[in-house]
Amino acid sequence: MSRFSCRTAVQFALLGALCSGANADTGVAPLQYGLTVAREMAYQDALRERNRRLGINISVSETLQSDGTAYQAGKLRGRALFDRPAIIAERQENNLLYLTLASDFGGSCVGQDKQPLRRSVLITPFWPPAPDRGGNELASDLPHWPTWLGNQLASTGWFRTVGVAPWSPLTDVHAHPSSGSTQARQLATQHHAQFIVAGRILDASVSGRGWRVGSWLLGEDTAPQQERDWAAPILVQKPTARRWQWEMWVYDGLTGNVLWRQLFTHDMAEAKPAQIQDWLGEMAAHMTEALSCLPFTARILRIEKGQFYLSAGGESSLAVGDTLLVYRQARTFPLAATATADPLGLAEQIVGSVTVTQVQPLLAIATAADGNLRSVQAGDWVRLPLAPRPQTD
């Protein structure tokens, strides 16, 4: 496949430099689809050159279609940092754009040069533990956990909760998270969500018990005098230690891939709602650290008279003048690495770019940025460009 062909990339590929280097990294891309698209393609090309130079292991899967079109997908392994090195030089020659990256780190995530664009998140119900592991004791509070987690994610400033789903992507509490990929994609399509959050409580069982004086002797029995059980025991057993363990993970709404997964453990005899919300805040902080550098994504809901209606607006911090890249899903089934069969994601291709002209709370309207869009369709994705503006601008 030609180096200058319009490459396709897996959504959320971990593109980033690992350390500074003395060599300059240069990328190149065709200008036929406009400067914004060319800059993004050349920037990603330069990042791939940097990754190869620094010895990062890249798994690649390439498929040649009967019409001669090649789709390529890659996956970086090892210590990947979400860095945006600056563009220090840019030139156009023979309908090609050449750009050169700075050798040091940019030190910022996508979207940190202004108020971050809020990624849309759908929270799904948590699976409870087995009855012998404390499941019955969580029956009253567990239905509130998704709402509490959504509030914690919204408070970080990076996410916008679109609601709580009626069902979990998993059909079995013991299933591997990846088995819910198809269901996660369906939920993301129905609710216009970029990420799907799921989880399960593995253990809430009592690990230690002790004796205490009965509540009626301590004056803690609030029942009316005539309803009190005077035969209640003087001493009762109460939990003195309880093991809390739960697992959380996040699906990419487009591909269904599991982007983040983590196990949390706490030891506490009794967890009241305020304590549980603190724990959910801890989870939200870990999710933010893992996902905030992934590009903001939304869908094109409708096209009418040259205007593109987007599934995000002011509540996602979109503003008039924002430029977004338009991506088309090129495959309907995931690509996998040849050697390991690990899912890489869905191949996609850049279709063009749009500029936001109107913003409402949950909706934005955009027009073609470079005047050269190739049959954009409803359902295409828009994404914040990875490439920063050149320092020479």
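Residues numbered from 1 in each chain as written. Predicted model: local features only at pLDDT ≥ 70, side-chain atom pairs only at ≥ 80, totals over all residues. Heavy atoms only, no water.

Engineer: Go over the overall build of the chain with me, naming the residues and quoting the values.
Structural biologist: A count of helices and strands for the chain gives four helices and 19 strands. For the chain, with 393 residues in total, the buried portion stands at 47%. Across the chain, the fraction of contacts at a sequence separation of at least 24, relative to all contacts at a separation of at least 6, is 73%. In the form shown here, the chain has an accessible surface area of approximately 18200 Å², with 50% of it arising from carbon and sulfur atoms. (Helix = DSSP H or I, 4+ residues; strand = E, 2+ residues; numbered from the N terminus. Buried < 20%, exposed > 50% of the residue type's maximum accessible area, 1.4 Å probe, protein only. Contact = heavy atoms within 4.5 Å. Areas by Shrake-Rupley, 256 points an atom, 1.4 Å probe, with all protein chains shown as cover.)

Engineer: An account of the packing of aromatic side chains is needed here, citing residue identities and associated values.
Structural biologist: Applying the stated criterion across every chain, the model contains seven aromatic pairs. Between the aromatic rings of Trp 145 and Trp 246, the centroid separation amounts to 5.9 Å while the plane-to-plane angle is 75°, which identifies the pairing as edge-to-face. Within this pair, whereas Trp 145 is found in helix H2 (residues 145–155), its partner Trp 246 is found in strand S10 (residues 235–252), the two being separated by 101 residues in sequence. Here Trp 145 and Trp 246 have matching classes, each one buried. Grouping aromatic residues by their ring pairs yields a cluster made of Phe 126, Trp 145, Trp 244, Trp 246, Trp 260, Phe 264 and Trp 279. Seen from the ring of Tyr 327, Arg 383 lies directly overhead, with NZ or CZ sitting 4.0 Å from the centre. (Phe/Tyr/Trp six-rings, centres within 6.5 Å; stacked < 30°, edge-to-face > 60°. Lys NZ or Arg CZ within 6 Å of the ring centre and 35° of its normal.)

Engineer: Describe the sheet that holds strand S13 (residues 307–310), naming the residues involved and giving the relevant values.
Structural biologist: Taking strand neighbours around the barrel as the criterion, the six strands line up as S12-S13-S18-S17-S14-S19 in a closed arrangement whose pairing is antiparallel. For this sheet, the mean angle separating the axes of adjacent strands, direction not counted, is 45°. Relative to strand S18 (residues 364–368), strand S17 (residues 348–359) is paired through five bridges, and the arrangement is antiparallel. Directly across from Gln 358, in S18, lies its bridge partner Ile 365. (Pairing = 2+ DSSP bridges. Axes fitted to C-alpha atoms, helices over the stretch in contact; angles between N-to-C directions.)

Engineer: Hey, could you go over unusual backbone geometry for me, with residue numbers and the actual values?
Structural biologist: We note that Asn 94 has phi near 55°; this positive angle belongs to a residue other than glycine. Note that Asn 94 resides in the loop between strand S4 (87–93) and strand S5 (96–101). For Asn 94, a relative accessible area of 69% puts it in the exposed group. You will see that Lys 305, though not glycine, has its phi angle at about 55°, which is positive.

Engineer: Could you give an account of helix H3 (residues 181–191), naming the residues involved and the relevant values?
Structural biologist: Within H3, burial applies to Ser 181, Ala 184, Leu 187 and Ala 188. Down the axis, H3 shows its buried residues gathered within 120° of arc, on one side only. Along H3, the residues that are exposed and aim more than 90 degrees away from the buried face are Thr 182 and Gln 190. Of the residues flanking the end of H3, it is His 192, one or two places downstream, whose phi is positive at about 55°. (Arc of directions from axis to C-beta.)

Engineer: Explain the sheet that holds S5 residue by residue, including any values.
Structural biologist: Ordered by their spatial adjacency, three strands build an open sheet running S1-S5-S4, and the pairing between neighbours is antiparallel. In the strand order of this sheet, the two ends are held by strand S1 (25–30) and S4, each with one partner. Each neighbouring strand pair of the sheet contributes to a mean axis angle of 20°, computed without reference to strand direction. Sheet analysis places S1 next to S5, joined by six bridges and oriented antiparallel. Each bridged residue has a counterpart across the sheet, and for Gly 27 the counterpart in S5 is Leu 99.

Engineer: Give a description of helix H4 (residues 273–291) that names residues and reports values.
Structural biologist: Residues spaced three or four apart along an α-helix face the same direction, because each turn holds 3.6 residues. Compared with an ideal rise of 1.5 Å per residue, which puts 19 residues at 27 Å, H4 spans 26 Å between its outermost C-alpha atoms and is within 8% of the ideal. For H4, the full list of buried residues reads Ile 276, Trp 279, Leu 280, Gly 281, Met 283, Ala 284, Met 287, Thr 288 and Leu 291. (Expected span 1.5 Å × (residues − 1).)

Engineer: Run through the pairing of S17, naming residues and quoting values.
Structural biologist: As paired elements, strand S14 (residues 323–329) and S17 share seven bridges and run antiparallel to each other. Considered in S17, the bridge of Arg 328 is made with Gln 349. Counting the residues in the hairpin turn of S17 and S18 gives four residues.

Engineer: Would you mind going over the pattern of salt bridges in detail, with residue names and values included?
Structural biologist: Applying the stated rule across the entire model yields seven salt bridges. For Arg 39, the salt bridge identified is with Glu 90, shortest N-O distance 3.0 Å. Highlighted residues: Arg 39 in helix H1 (residues 35–53) and Glu 90 in strand S4, separated in sequence by 51 residues. On the basis of relative accessibility, which here comes to 26%, the residue Glu 90 falls in the partly exposed class. One network of salt bridges, with partners in common, ties together Arg 200, Glu 247 and Arg 261. (Salt bridge = Lys/Arg side-chain N within 4 Å of Asp/Glu carboxyl O.)

Engineer: Residues and numbers for the nonpolar core, please.
Structural biologist: Counting 30 residues, the largest nonpolar core has Leu 149, Leu 153, Val 197 and Met 248 as its most contacted members. Those elements giving two or more residues to this core turn out to be strand S6 (119–123), H2, strand S8 (195–203), S10, strand S11 (258–267) and H4. Among the elements that make up this core, the one with the highest residue count is H4 (seven residues). In this structure Val 197 touches Val 121, Leu 122, Ile 123, Thr 124, Leu 149, Leu 153, Met 248, Trp 249, Val 250 and Met 287, once residues within four positions along its chain are discounted. (Core = buried A, V, L, I, M, F, W, Y, C linked by side-chain atoms within 4.5 Å.)

Engineer: So, the packing of H2 against H4: which residues are in play, and what are the values?
Structural biologist: Taken N-terminus to C-terminus, the directions of H2 and H4 make an angle of 50°; their axes are 8 Å apart at the nearest point. Taken together, the axis directions place H2 and H4 in an arrangement best described as oblique. Crossing angle aside, the handedness with which H2 passes H4 is right-handed. Residue-level contacts link Trp 145, Trp 148, Leu 149, Gln 152 and Leu 153 of H2 to Pro 273, Ile 276, Gln 277, Leu 280, Gly 281, Met 283, Ala 284 and Met 287 of H4. For the contact of H2 with H4, the class distribution of residues is ten nonpolar, three polar and no charged. (Parallel < 35°, antiparallel > 145°, perpendicular 65-115°, else oblique. Left-handed = near helix turned anticlockwise from the far one by under 90°. Nonpolar A, V, L, I, M, F, W, Y, C, P; charged D, E, K, R; others polar.)

Engineer: How would you sum up the environment of Thr 355? Please name residues and give values.
Structural biologist: Looking at the element boundaries, Thr 355 is found in strand S17. Take Thr 355: its relative accessible area is 21%, and that puts it in the partly exposed class. Spatially, the C-alpha atom of Thr 355 lies 9.5 Å from that of Phe 308, the residues being 47 residues apart in sequence. Ignoring anything within four residues of it in the chain, the contact list for Thr 355 reads Gly 321, Asp 322, Thr 323, Ile 365, Ala 366, Thr 367 and Ala 369.

Function-wise, these values are silent; they only describe arrangement.
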